[in-house]
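Structural features, examined
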Amino acid sequence: MDERYSRQTLFSPIGKAGQEKIRSKHVLMIGAGALGSGNAEILTRAGVGKLTIVDRDYVEASNLQRQQLYTERDVEEKLPKAAGAEKRLRKINSDVEIEAFITDATPEKLEELVQGVDLIIDATDNFETRMAINDVSQKYQIPWIYGACVGSFGMSLTIIPGKTPCLNCILKKIPIQGMTCDTGGIIAPTVQMVISHQAAEALKILVEDWEAVRTSFISFDLWRNQYTSMKVSKAKDAGCLSCGENRTYPYLDSENMTKSTVLCGRDTVQIRPPERQNIQLNDLSQQLKELGYKVKGNPYLLSVEIDEQRLVIFNDGRALIHGTKDLTQAKTIYQRLLG
Amino acid sequence: MNKILFFAHLRDAVGEESIMMDAKGKTIADLKQMVLETYKSVNLENVMTAINEEFASDEDIIHEGNEIAFIPPVSGG
């Protein structure tokens, strides 16, 4: 054990005392895609006590270019990502207790999973889940680390309840039409750079070096060589519904969640976003065509073919996913294309 | 004059990494409107804004020489 973690304990901000702290901590990883794979591998190698991983998706060929825990074999088997990650992480470090859940990280599930957790790492691909993580973090006073990327552009922010502003202070509402990896593409170095920022923050929090925690919102574009660090302390809003004086944790309320319903007698799921959207169908159509999707449309809707499913999206954000009765699968397809 | 910086897909929509505009005395909301008048395909609805690398809201006033950055939140992971 001493030898195994020697290079990390030689690093003085961690030391032997820090290593013992890392060993005693429990981290919750929401998502096991690109950011989830990399963060989970670093924390497993670092010797965290327990790692819980939640993911609703399975491994596909288009994941292999950047999702470092998975193999061609996992694609052939259509292995759920949580199961694939668990299998690989156990081989990397048998000291670490790995727990995997193949499920949707709904607000109810999050409230159940955060019990006894010291840190939450965001490795999701949508803002709805992030806002629920943000609320759960405030409700149970657990730090979390936001990370996201698309193309060559990435960003991260560390949120410490009671100390920093929360994601709701900064964004005020769920941004829709955020670009996703399925619409804007992604290169692996962008993923790794976000992982580096998140995992370094995670180690600081696990060893309780609170002074070292970064308090700015960082973003960068590796292709265009832009870097920016934005101070956010001013964003802390006393009226914020997630972390302010009269907090209601709005994103833990199922009323504010995307509604998905199986349509009666049809192999179709309807998805309705919490607020009416105004989607620029022309722009979306162009983006999807460039990515090789078969898209047809008119001024009111777009029809996109995705494997065996067909997604029909209306400009108010409502969508029909034909070819499935599985609510989680339908929501996954929707959030992949629309953020 | 003020330097306005665009990140990620905003940069692609504008066609430049930065532009110069005189926004002295205007609010961030006013500036967004000015940008939209020139660059019609830019969507600034959900963007985060920084004045001199510090978080700014729509009501904040821009001073001479301030550098403004528009940063779109992204969701991929």
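The rules behind each value
- Residues numbered from 1 in each chain as written.
- Chains lettered and ligands numbered in written order.
- Predicted model: local features only at pLDDT ≥ 70, side-chain atom pairs only at ≥ 80, totals over all residues.
- Axes fitted to C-alpha atoms, helices over the stretch in contact; angles between N-to-C directions.
- Helix = DSSP H or I, 4+ residues; strand = E, 2+ residues; numbered from the N terminus.
- Parallel < 35°, antiparallel > 145°, perpendicular 65-115°, else oblique.
- Left-handed = near helix turned anticlockwise from the far one by under 90°.
- Contact = placed C-beta atoms within 7 Å.
- Nonpolar A, V, L, I, M, F, W, Y, C, P; charged D, E, K, R; others polar.
- Domains from an automatic or database assignment.
- Pairing = 2+ DSSP bridges.

Residues and elements named next belong to chain A. It is the contact of helix α3 (residues 34-46) with helix α10 (residues 188-206), at a shortest axis distance of 9 Å, that shows an interaxial angle of 40 degrees. Comparing the axis directions of α3 and α10 gives the class oblique. Crossing of α3 against α10: the hand is right-handed. Seen from α3, the contacting residues are A34, L35, G38, N39, I42, L43 and A46; seen from α10, they are V191, Q192, V194, I195, Q198, A199, A202 and L203. Within the contact of α3 with α10, the residues separate by chemical class into 11 nonpolar, 4 polar and no charged.

Further remarks concern the domain arrangement of chain A. Residue and element names in this part refer to chain A. In terms of domain boundaries, chain A breaks down into domain 1 (6-252) and domain 2 (258-338). Of note, the centres of domain 1 and domain 2, computed from C-alpha atoms alone, are 27 Å apart. Contact residues are listed per partner, giving 11 residues for domain 1 and 14 residues for domain 2. Split into classes, the residues belonging to the side of domain 1 that touches domain 2 amount to 1 nonpolar, 4 polar and 6 charged.

Another point: the pairing of strand β1 (residues 2-6) of chain B. Residues and elements named next belong to chain B. Note that β1 and strand β2 (residues 18-21) share 4 bridges and pair antiparallel. Bridging from a neighbouring strand, I4 pairs with I19 of β2. Sheet analysis places β1 next to strand β5 (residues 67-71), joined by 4 bridges and oriented parallel. Counterpart to K3 in the pairing with β5 is E67.

Moving on, we get to the interface of chain A and chain B. Each partner contributes residues to the interface: chain A has 37 residues there, and chain B has 18 residues. Elements with a minimum of two residues in the side of chain A that touches chain B: α3, β5 (144-150), β6 (153-159), α8 (167-171), α9 (181-184), β7 (216-221) and β8 (226-231) of chain A. Considering each element in turn, the side of chain A that touches chain B owes the most residues, 5 residues, to β8(A). Its residues placed into classes, the side of chain A that touches chain B shows 18 nonpolar, 14 polar and 5 charged.

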